[in-house]
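Read off the chains here:
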Amino acid sequence: RPADTSPAHGKPADVMASADDTRDANGLARRWRAFLLHARSTAVLDLRSLAVYRIALGLIVAVDALWRLVDAEAFYTDTGIRPLTGSMWRYVETAPSLYLVSGSVAWASTLLVVTAVIGVVLAAGWRTRLFAALAWVFVVSVQNRNGSVESGADSVLAMILLIAPFLPLGARFS
């Protein structure tokens, strides 16, 4: 038998290699499509549970903002423990915050009330993608204003809000 033929079919090795490659590529593509269809059918998110998740997330944002409102003057204003001095402005580039616009009690209180309203609107399910993104902006802003009163739960809340606009949270109960 010549060295350039396939032992199985008696055809030249280069012809067999190209035919096997085509067959394997088609088979691989077919198997990949079957896997994706199976994954889509088994990894389905229940829209009702996502709606409950959205309601809970919105209420957590609202309650957190109202809880912070009690001590807004102490933690988020110029009369509190971290006034907006020259040293505070160096954080603008690394940790942007809407609270750095002004250090007044009225500004901090307004931002916290707006955050609470955003949380309630998110819980209600009106324009969920927009309000989930707004909730993330406002929650990260309050967290960046005074990091000394933050905990790990605040970071988890920020991460959950970061992925919330990409989920179909408004598909049910909104």
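Note that the structure is predicted; figures quoted are calculated from it, not measured.

Calculation criteria
Residues numbered from 1 in each chain as written. Predicted model: local features only at pLDDT ≥ 70, side-chain atom pairs only at ≥ 80, totals over all residues. Heavy atoms only, no water. Helix = DSSP H or I, 4+ residues; strand = E, 2+ residues; numbered from the N terminus. Buried < 20%, exposed > 50% of the residue type's maximum accessible area, 1.4 Å probe, protein only. Contact = heavy atoms within 4.5 Å. Salt bridge = Lys/Arg side-chain N within 4 Å of Asp/Glu carboxyl O. Core = buried A, V, L, I, M, F, W, Y, C linked by side-chain atoms within 4.5 Å. Axes fitted to C-alpha atoms, helices over the stretch in contact; angles between N-to-C directions. Parallel < 35°, antiparallel > 145°, perpendicular 65-115°, else oblique. Left-handed = near helix turned anticlockwise from the far one by under 90°. Nonpolar A, V, L, I, M, F, W, Y, C, P; charged D, E, K, R; others polar. Phe/Tyr/Trp six-rings, centres within 6.5 Å; stacked < 30°, edge-to-face > 60°.

## Observations regarding the overall build of the chain
Scanning the chain from terminus to terminus reveals 7 helices and 0 strands. Reading the secondary structure of the chain in the N-to-C direction produces α-α-α-α-α-α-α. Looking at the chain as a whole, 30% of its 174 residues qualify as buried. Pairs at least 24 residues apart make up 69% of the contacts formed inside the chain by residues separated by at least 6 positions.

## Considerations on the pattern of salt bridges
When the charged atoms of two side chains with opposite charge come close together, those side chains can pair. Applying the stated criterion across every chain, the model contains 4 salt bridges. Salt-bridge contacts for Glu150 lead to Arg68; the nearest nitrogen and oxygen are separated by 3.0 Å. Residue Glu150 is found in the loop between helix H6 (128-145) and helix H7 (152-163), and its partner Arg68 is found in helix H2 (residues 47-70); the two are separated by 82 residues along the sequence. Put simply, Asp64, Arg68, Glu150 and Asp154 are held in one network by salt bridges that share partners.

## Some points on the nonpolar core
Tyr76, Tyr99, Leu122 and Leu161 are the most contacted members of the largest nonpolar core, which totals 22 residues. Looking at this core, the elements with two or more residues in it are H2, helix H3 (72-76), helix H5 (105-124), H6 and H7. Not counting residues within four places of it along the chain, the set of residues in contact with Leu122 comprises Arg54, Leu57, Gly58, Thr128, Phe131, Ala132, Ala135 and Leu161.

## Some points on the packing of H5 against H6
At a minimum axis separation of 9 Å, H5 and H6 run at an interaxial angle of 150 degrees. On the basis of their axis angle, the class for H5 and H6 is roughly antiparallel. For the pair H5 and H6, the sense of crossing is left-handed. Two secondary-structure elements touch here, H5 through Leu111, Leu112, Val114, Thr115, Ile118, Val121 and Leu122 and H6 through Thr128, Phe131, Ala132, Leu134, Ala135, Phe138, Val139 and Val142. In terms of residue class, the contact of H5 with H6 is built from 13 nonpolar, 2 polar and no charged.

## What about the packing of aromatic side chains?
Applying the stated criterion across every chain, the model contains 4 aromatic pairs. A connected cluster of aromatic rings, assembled from ring pairs, spans Phe75, Tyr76 and Tyr99.

## A short note on the packing of H2 against H5
Between H2 and H5, whose axes approach to 7 Å, the crossing angle comes to 165 degrees. As summarised for this structure, H2 and H5 are arranged roughly antiparallel, according to the angle between their axes. For the element pair H2 and H5, the recorded crossing hand is left-handed. Every residue of H5 that contacts H2 at Arg54, Ile55, Leu57, Gly58, Leu59, Val61, Ala62, Ala65, Leu66, Arg68 and Leu69 is listed here: Ser109, Leu112, Val113, Thr115, Ala116, Gly119, Val120, Leu122, Ala123 and Ala124. For the contact of H2 with H5, the class distribution of residues is 15 nonpolar, 4 polar and 2 charged.

## As for the side chain of Thr115
Mapped onto the elements of the fold, Thr115 is located in helix H5. Assessed through its relative accessible area of 4%, Thr115 is described here as buried. Filtering out sequence-adjacent residues up to four positions away, Thr115 remains in contact with Val61, Ala65, Tyr99, Phe138 and Val139.

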